[in-house]
Amino acid sequence: MRASFSIVVCFVIVRRGLRHSSLDWTGAIAAVFVGFFLTLSNLCFFSSLFAFYLSSSKLTKFKADVKREIEDDFKEGWFCVLL
């Protein structure tokens, strides 16, 4: 039962991340593996990972227009981590 929950929830979250540009393809693949194994091992790990994903996605986009005005080299989303 937990294995099927792990698979379904991971793919639902990754699909949402791809649609909202919170994840790119490499992040999506990593999220499936990490999310599956952490959810399979313990639901507390899933809760922590899910809370981190939602909060970081929201905070990255929070007041992006203000950040764009303040910083000369502002990059919104996952791409800023790579540079």
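Residues numbered from 1 in each chain as written. Predicted model: local features only at pLDDT ≥ 70, side-chain atom pairs only at ≥ 80, totals over all residues. Heavy atoms only, no water.

Looking now at the nonpolar core. Listed in full, the five residues of the largest apolar core are Val9, Ile13, Leu23, Phe46 and Tyr53. Taken together, the elements giving at least two residues each to this core come down to helix 1 (2–19) and helix 3 (43–61). In this structure, Phe46 is in contact with Phe5, Val9, Ile13, Leu38 and Thr39, ignoring residues within four places of it in sequence. (Core = buried A, V, L, I, M, F, W, Y, C linked by side-chain atoms within 4.5 Å. Buried < 20%, exposed > 50% of the residue type's maximum accessible area, 1.4 Å probe, protein only. Helix = DSSP H or I, 4+ residues; strand = E, 2+ residues; numbered from the N terminus. Contact = heavy atoms within 4.5 Å.)

Before going further, it helps to spend a moment on the side chain of Thr39. Tracing the chain through its elements places Thr39 in helix 2 (residues 25–41). For Thr39, a relative accessible area of 0% gives the class buried. From its side chain, Thr39 meets the backbone oxygen of Gly35 in a polar contact 2.6 Å long. With residues near it in sequence (within four places) discarded, Thr39 still touches Arg2, Phe5, Ser6, Cys10 and Phe46. (Polar contact = N/O pair within 3.5 Å; in protein donor to acceptor, adjacent residues only side chain to side chain.)

Over its 19 residues, helix 3 runs 27 Å from end to end, which matches the ideal 27 Å to within 8%, given 1.5 Å per residue. Of the residues making up helix 3, those classed as buried are Phe46, Tyr53 and Ser57. Buried residues in helix 3, looked at end-on, bunch into an arc of 30°, giving them a common side. When the buried face of helix 3 is taken as reference, the exposed residues oriented beyond 90 degrees from it are Cys44, Phe52, Lys58 and Leu59. The elements touched by buried residues of helix 3 are helix 1 and helix 2. Of the residues flanking the start of helix 3, the one acting as N-cap is Asn42, its side-chain oxygen 3.2 Å from the backbone nitrogen of Cys44. (Expected span 1.5 Å × (residues − 1). Arc of directions from axis to C-beta.)

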